[in-house]
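What the coordinates show
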Amino acid sequence: MNKLTLFGLCIVGFFIIIAVFAPMIAPYNPGQIDIENILTAPSGSHIFGTDSLGRDLFSRMVYGTRISLMVGFIAVGIAAMIGIALGAIAGYYGKWIGAVIMRFIDVMLCFPTFFLILAVIALLEPSIINIMIIIGATSWMGIARLIRAEIISLKERDFIYAERAIGASDLRIIVRHLIPNAMAPVLVSITLGIAGAILVESSLSFLGIGVQPPTPSWGNILSEGKAVMGAGWWMMLFPGLAIFITVLGYNLLGEGIREKLLR
Amino acid sequence: MGKYILKRIIGLIGLLLGITIITFAVIHIAPGKPTDLEAQFNPKVSMEARERIAHLYGLDKPLHVQYIEWLKRFARFDFGISFMDSRPVAQKILERIPITLTIELVSIILILLIGIPIGVTSAVKEGSFYDRFMTVFVFIGFAVPTFWLSLILMDFIGVRWGALPISGIKSLEFEKFGNFEKIIDVSRHLVLPVFVSAFGGLAGISRYMRSSMLHVLKQDYIRTARAKGLAEKEVLYKHALKNAFLPVVTILGLSVPGLIGGSVIFESIFSIPGMGRLFYESVMARDYPVIMGVLVIGAILTLLGNLLADISYAAVDPRIKLEG
Amino acid sequence: MKNIYKIRAAFKKAAFLFIILFLLGFTPDYGDTIVTGSIGEPRTLVPILASDSSSGAICGLIFNGLVKYDKDLNVTGDLAERWDISQDGLEITFYLRKGVKWHDGEPFTSKDVEFTYKSLIDPKVRTPYSGDFQMVKNLEAIDDYTLKVYYKEPFSPGLASWGMNIMPAHLLEKEDLNAAKFSRNPIGTGPYKFKLWKTGERLELVSNHDYFEGRPYIDRYIYRIIPDTATLFLELRAQAVDYTSLTPIQFKRQTETEFFKKNFQRFNFPSFGYTYLGYNLNDPKFKDVNVRRAINYAINKEEIIKGVLLGLGRVSTGPFIPESWAYNKDVKPMEYNPQKARELLKDSGWQDQDRDGILEKDGMKFSFTVITNQGNDERRMTLEIIQRRLREVGIEVKIKIIEWSAFVSEFINKKRFEAVLLGWGLSLDPDMYDIWHSSKTKEGEFNFVGYSNKEVDRLLLEGRRTFNQEERKKIYHRIHEILYEDQPYLFLFVPDALPILNSRFKGIEVAANGIGYNFIKWWVPRSEQRYTR
């Protein structure tokens, strides 16, 4: 495997482990306020320093990994579900329903995605659930197109005719045979999508409508870091690095999968 | 060719209708009315004053009536009046489009000028250290949160080094400058925003160019050209590049909404009075006419970008017909 | 011998020259520009339409009211030279200043005041300020410079309400105020004239050389719109912005360097507002006053001021600013005493029977959600501290941050909240009828906590009807006392205002009214001026 792809995989794996084992890794309670130690620099007792309420930044970053990754995974999960479903229907049935779905995709692709996300989140409320749903609801289009294209080519294959011959229902054919075989290119989209969702969350936090404190996310810690820019370089450095490395990792991994598929 | 363009334009109308419906739907998901921000929770504002205000805005009519009325006015290019400052929405958007478009265009040009060569050379030197270095480099641009990079650059280049202005698009003394100085002034102000905007978009184009080029290089006709004994340079630039370039044109269209969407962030950070910031401020203030106007205009700009991309693609590649 | 006389003469001459030069150094110079940085942009420059602080800041420089507040917070004349209030308090006669001109040269007269009043009570005008002026029965212009205002009943806040900016009748009487072009090109009587407004970028004002209080020393006022606080701070550091507000962290941690000490002057003084936790008094959990008192004991307000404001604020025990004459200094704050809090809660029937750390009563857990508006870091941090302290006495607090517009319409107005963390920005007149009177509890009104106390109701009405400041003082002191006993709000703190200004500006004096009251007297020595015209 390509060295870069391996590197990406390591990064991805590393952060997943941190997220899963957060309670064991974090030395402090991430919500532990300590007025005496507001914005202290990294030191022996607080390796990443403390934030504006004296909370240990390292612990908050560790728990923030959970939140940021969760937002990424679930948002992309929702996008995948919508995209696969619509793409499969469009590809398998084609004609009228396929055309409508494709038009719908075209319309959705016209909007600057971030504008839509911003509008909906600000107009509803910035809860984690809303953020995940709306990111998912605005990024399924690419997946849908890919699935549709794959299914169109797959559905004329012999093994599908065979299934039809033995009387398998449409649903069974789509779900058990077509979709699994069409998934390959979608994997790339999913991997890249997770990275994208993490970046979107950080942008929303910058605008004040991302994951809301006191729940820590990389995005909102970075945003807080911006407000205390001259007084705590650690507040901007660590979350910024975390986001950057994670997104880089997912991109390298995604690209690697894509190259493997093309061969 | 003309028929093709015509067909596309007709298809556009359907798209436009879809855009307006989705835009209208998005706005009305929300609870809360614009009069709340207007009154700013000021003890001096009475309830009657508020109801008066709501009535003045026509917010007490049913939804579908509001939609139809909006659509009718929209068709006449009347986008309504902003709730926030009672100015025509069209005027507010028109004020902001030039600067956003300028930044987008310069970014796209930069992305093309830098991204395409990177993509091509990476493909040619596939697997080499150069290739891997460039991969990581362009992904850095994509992976770094925009406002983080912006603030770091503003701090180092703007404050510590003092080489470039930190924010805004003009100096305070702009009005007194001669024309040439005015151009220089604006350019200096735009260096950082354009750089940040372009750096983020490099990844998309260069990776796509790279894989497109790789794909083409494996084609039979390239092997044929090489077998014929043509110089490597000629093979690459006369035959491979032309064909690898085509798919990239379509990607260009797709990157327009991305750039417009991203403008919200860097326009806020760099205090640039563009469309992205207008949109954000309107959303926070529930200024529905402006929100709808910007969403629709943004979508239309994307449509136009795609249309142009498709037309140039069709013009260059005679094999293309309108897809069913 | 002659030499001594010569020397003395020379010495006298030198001393004389020295004194002259010394005095010259203290004679203000005209010139220079002040660049203010702000994250907000004005909405409109029609003064009676605007309710946001950015519009207010600009209108304050372009327009005048009939009266204004001086540095000691007393009402003093602005466009009115003097006034008489009748014995029964039903009439105010204003004697207007003569010779004041609008920025376009037209003379200011009572017609302009009449026009402004008519606009304020016009139902078609989208003004948020009609409330105070609906107490007016009639307004009569006796002549160009004399005006009589007749009130329906005695209304002491009335005088101060005439601090409302006066608009030019000759330019606006035929216009629809809601849509007038004037909103982006105003003409006033004030110390600064409007020059330009580049949307999203900046506004520029130039000094009015004919201003009736004298030409301002600073020639030009620029209001730069910089929507991001981090960028604004960077611009301040680069000295591209002269004047802005700091956050507590910026004040304490980011502006303590040599560079800042040399190039900037910072101020801190109490701002005109207070932050509080308001209870929905119709919620069964908060009906018992002892529960509310318990919460007061459970919260360490000093800690909040130290942690959130970094010490830059004061504890508040009531609905007035400490500097105000209405503030009752004898009301002592309840000390931080979690033990007492627990006892009070126990006495009110709250016990932790299932040992989960949270109190219950009648099968109900003592858990509630506090809502606050999005965009205010101080409030968010305050809530996080409150959450922690209440947990220690067995009360669970959940935090919900809501975007402003939805916050007001869905939660406050519809009273769908248990507790709310908010602040009031106060006008300088202590009349709080709209906030505390038991009749003001309808949807959209300001007694959204549902407070009702007969004595307070009576005192509020009396306070509005009395003109004698000593009597009003007693009334408001008593109100303050009752409110602190009743605890409809947990009064938290009065934050400090933290303006920072480039050190080249001279003439700033902190007073009860802050620092802006003598803005037209601020000046920059010629040698230090940065912007030349």
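Coordinates for the structure precede this section.
Model, not experiment: these values are computed from the prediction. (Residues numbered from 1 in each chain as written. Chains lettered and ligands numbered in written order. Predicted model: local features only at pLDDT ≥ 70, side-chain atom pairs only at ≥ 80, totals over all residues.)

1. Things to note about the overall build of chain B
A count of helices and strands for chain B gives 12 helices and 0 strands. In sequence order, chain B lays out its α and β elements as α-α-α-α-α-α-α-α-α-α-α-α. The buried share of chain B, reckoned over its 324 residues, is 45%. (Helix = DSSP H or I, 4+ residues; strand = E, 2+ residues; numbered from the N terminus. Buried ≥ 20, exposed ≤ 12 C-beta atoms within 10 Å, placed from the backbone.)

2. Focus: the overall build of chain C
Scanning chain C from terminus to terminus reveals 17 helices and 22 strands. Taking the principal axes of its C-alpha atoms as reference, chain C extends roughly 100 × 65 × 50 Å. Scored against the burial criterion, the 533 residues of chain C give a buried share of 44%. Here the contacts in chain C between residues at least 6 apart in sequence split such that 68% fall between residues at least 24 apart. (Contact = placed C-beta atoms within 7 Å.)

3. Re helix 4 (residues 63-75) of chain B
Its 13 residues give helix 4 of chain B an end-to-end C-alpha distance of 18 Å, which sits within 8% of 18 Å, the value for a rise of 1.5 Å per residue. Following helix 4 of chain B by one or two positions, F77 of chain B adopts a phi angle in the positive range, close to 65 degrees. (Expected span 1.5 Å × (residues − 1).)

4. So, the environment of H28 of chain B
Topologically, H28 of chain B is positioned in the loop between helix 1 (2-27) and helix 2 (34-39). Separated by 25 residues in sequence, H28 of chain B and K3 of chain B place their C-alpha atoms 39 Å apart.

5. Some thoughts on unusual backbone geometry
All names here are of chain C. Positive phi is not limited to glycine here, since L310 has a value of about 50 degrees. As for its placement among the helices and strands, L310 is situated in the loop between helix 11 (301-308) and strand 15 (313-315). A residue is classified by how many C-beta atoms lie within 10 Å of it, and L310, with 20 of them, is buried. In this structure, D362 takes a positive phi of about 50 degrees despite not being glycine. If you trace the backbone, D362 turns up in the loop between strand 16 (360-361) and strand 17 (364-365).

6. What to know about the pairing of strand 10 (residues 220-225) of chain C
Residue and element names in this part refer to chain C. Along strand 10, 5 of the 6 residues are buried, which leaves the element largely enclosed by surrounding structure. Strand direction decides the pairing type here: strand 1 (residues 33-38) and strand 10, joined by 6 bridges, are parallel. Note that in strand 10 the partner of S38 across the bridge is I225. One ladder, built from 5 bridges, connects strand 9 (residues 202-207) with strand 10; its direction is antiparallel. Residue pairing across strands places V206 opposite R220, the latter belonging to strand 10. (Pairing = 2+ DSSP bridges.)

7. Topic: the pairing of strand 4 (residues 80-85) of chain C
All names here are of chain C. Across 5 bridges, strand 4 lies against strand 5 (residues 91-96) in antiparallel orientation. Opposite A80, over in strand 5, you have L96 as the bridge partner. Linking strand 4 back to strand 5 in an antiparallel pair, the connection comprises 5 residues, with G89 at a positive phi of about 75 degrees.

8. Here we look at the packing of helix 3 (residues 57-93) of chain A against helix 7 (residues 141-154) of chain A
All names here are of chain A. Viewed as axis vectors pointing N to C, helix 3 and helix 7 meet at an angle of 35 degrees, and their least axial separation amounts to 7 Å. Of the two possible hands of crossing, helix 3 and helix 7 adopt the one that is right-handed. Between helix 3 and helix 7, the residues in contact are A79, A80, G83, I84, L86, G87, A88, A90, G91 and Y92 and M141, I143, A144, R145, L146, I147, R148, I151 and I152, respectively. For the contact of helix 3 with helix 7, the per-class residue count stands at 14 nonpolar, 3 polar and 2 charged. (Axes fitted to C-alpha atoms, helices over the stretch in contact; angles between N-to-C directions. Left-handed = near helix turned anticlockwise from the far one by under 90°. Nonpolar A, V, L, I, M, F, W, Y, C, P; charged D, E, K, R; others polar.)

9. With respect to the packing of helix 3 of chain A against helix 10 (residues 218-227) of chain A
Residues and elements named next belong to chain A. In the contact formed by helix 3 and helix 10, the axes pass within 8 Å of each other and the chain directions differ by 130 degrees. Of the possible angle classes, the one that applies to helix 3 and helix 10 is oblique. Across from R60, M61, G64 and S68 in helix 3, the residues of helix 10 making contact are W218, G219 and I221. For the contact of helix 3 with helix 10, the residue count by class is 3 nonpolar, 3 polar and 1 charged. (Parallel < 35°, antiparallel > 145°, perpendicular 65-115°, else oblique.)

10. What about the nonpolar core?
Residues L118 of chain A together with I291 of chain B are the most contacted members of the largest nonpolar core, which totals 300 residues. Among the elements that make up this core, the one with the highest residue count is helix 3 of chain A (18 residues). In this structure, I291 of chain B is in contact with A119 of chain A together with I27, F279, S282 and V283 of chain B, ignoring residues within four places of it in sequence. (Core = buried A, V, L, I, M, F, W, Y, C linked by C-beta atoms within 7 Å.)

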